[in-house]
Amino acid sequence: AGLHSEEGLNVVGATYAGSPFVLMGHNGTIAFSFTVAGVDLVDYFIDKPQTRRREVIRIRGEKGPRVVEVQQGARGVMISRDISLRWAGFDTPPAEIVDSAVRLQKARNFDEFRRVVTRFGALDANWIYSDRMGNIGTQLGAPLPIRDFDTYLRQPASEPRTEWKGYRPLEETPSAFNPAQGFLASCNNEIVSAAWPYSIPGFFDPYRIDRATSLLRTRRTPAEMKAMQLDLISGLATRWKGLAAEGARAAALNAEANALERWDGTMSADSREAALFEFWWRSMARAVFEDDLGKEWEPGRFLLDEALTIPAKAVDDKRTPQVESTRDIAALPTAPGPLAGP
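The paragraphs below set out a description of the structure included in this document. Just so it is clear, the model here is predicted, and its values are computed rather than measured.

## Here we look at the side chain of S271
Consideration 1: Along the chain, the position of S271 falls in the loop between α6 (254-262) and α7 (272-293).
Consideration 2: For S271, the side chain forms a polar contact with the main-chain nitrogen of A274, separated by 3.0 Å.
Consideration 3: Residue contacts for S271: discarding those within four places in its chain leaves W263 and T266.

Now the structure itself:
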């Protein structure tokens, strides 16, 4: 979509239906886009209701409004009898978000860009910037709550240490501008190193950034960048295809094992190896997590890479205590027929 006005607004890019602004695009001076950052912006607390309020919601086509009772705990909105939720999005007025989006259309430099993309409420985004002068930059747009506890576990609301202590100011948030390496990339990866002065918890992808970085070190021309956008090699597949091949070979599927070993990790639609690996990867999630999660094993696929990286207890099947399961045993196909395939 394009927005052009007599007042001088000229911005073109991607948007969504109903919004009066462009979220990814350029205005003739700067270009901007973002991808999901993966920062953890939600905490759950063992809590109990303290106050109640009624919210009136008007629905198109209905004669009267719906009235919803909301219970508030010490740390956030109650989502069950004894659990409350705190989300960064509750702390930003919608008017501020809209104002920031409008200001983004008119931004002319990196400083203006940083100040507006960090005012989009809880939009969990890592932004990329470039301009006509040849500058490039990144800025984490997601707000960063100041907290000193394990955000991956439910915390007791009764303890003062579990209270959020505001948000990190702009100057303390992760950003980069014209780095010495000559390029920047953002691929849902962890955006800071272990040397960062404070922890940024989240759910990050470790593979795409490695692939992008390796390509950007040698590819800079427009044609090379176009080819990079269409690259189908999976870092996840190249890391774990060897384990898949071991499982296939142990099951006497030598042809499949040989194919996986020769495969370069390209996830093209016509690749038999890609289909084989994907089927195996999904099966691995069940093999590793079903003993702990039962019928709810499928969400474990989001933790499968970590479980295989540190396999000490995660892969040991509790249903067979007489056998100490290993990563190699878990890699075995449960049924040779479906794995071998046509």
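## Some remarks on the environment of D231
Consideration 1: Structurally, D231 is set in the loop between α4 (222-229) and α5 (235-250).
Consideration 2: Excluding residues within four positions of it along the chain, D231 makes contact with R211 and L215.
Consideration 3: In terms of polar contacts, D231 uses its side chain to reach the side chain of R211, at 2.8 Å.

## Re a nonpolar patch on the surface
Consideration 1: Together, I57, I59 and V68 line one region of the surface with nonpolar side chains, adding up to about 200 Å² of accessible area.
Consideration 2: For I57, the location among the structural elements is in strand β6 (residues 51-57).
Consideration 3: A relative accessible area of 38% places I57 in the partly exposed class.

## Quick notes on the packing of aromatic side chains
Consideration 1: Counting across every chain of the model gives 18 aromatic pairs.
Consideration 2: Between the aromatic rings of F113 and W127, the centroid separation amounts to 6.3 Å while the plane-to-plane angle is 80°, which identifies the pairing as edge-to-face. Placement of F113 in helix α2 (residues 110-117) and of W127 in strand β10 (residues 125-131) is noted, with a sequence separation of 14 residues between them. We note that F113, like W127, is buried.
Consideration 3: Arranged with centres 6.1 Å apart and planes meeting at 85°, the rings of W164 and Y167 form a pair that is edge-to-face.
Consideration 4: Among the residues examined, W164 registers a relative accessible area of 7% and is labelled buried.
Consideration 5: Of the residues examined, Y167 reaches a relative accessible area of 28% and is grouped as partly exposed.
Consideration 6: Cluster of aromatic residues (ring-pair linked, three or more members): F34, F110, F113, F120, W127, Y129 and F177.

## Quick notes on the nonpolar core
Among soluble globular proteins, nonpolar side chains are generally buried collectively.
Consideration 1: With 21 residues, the main nonpolar core has W240, F277, W280, L304 and L308 as its most contacted residues.
Consideration 2: Contributions of two or more residues to this core are made by α5, α7 and α8 (304-309).
Consideration 3: Counting residues per element, this core draws most heavily on α7, which supplies 9 residues.
Consideration 4: In this structure, L23, A101, V117 and A125 belong to the second largest nonpolar core, which totals 17 residues.

Cut-off values and rules
- Residues numbered from 1 in each chain as written.
- Predicted model: local features only at pLDDT ≥ 70, side-chain atom pairs only at ≥ 80, totals over all residues.
- Heavy atoms only, no water.
- Helix = DSSP H or I, 4+ residues; strand = E, 2+ residues; numbered from the N terminus.
- Polar contact = N/O pair within 3.5 Å; in protein donor to acceptor, adjacent residues only side chain to side chain.
- Contact = heavy atoms within 4.5 Å.
- Patch = residues over 30% accessible without salt bridge, like charges linked within 9 Å, V, L, I, M, F, W, Y side chains within 5 Å.
- Areas by Shrake-Rupley, 256 points an atom, 1.4 Å probe, with all protein chains shown as cover.
- Salt bridge = Lys/Arg side-chain N within 4 Å of Asp/Glu carboxyl O.
- Buried < 20%, exposed > 50% of the residue type's maximum accessible area, 1.4 Å probe, protein only.
- Phe/Tyr/Trp six-rings, centres within 6.5 Å; stacked < 30°, edge-to-face > 60°.
- Core = buried A, V, L, I, M, F, W, Y, C linked by side-chain atoms within 4.5 Å.

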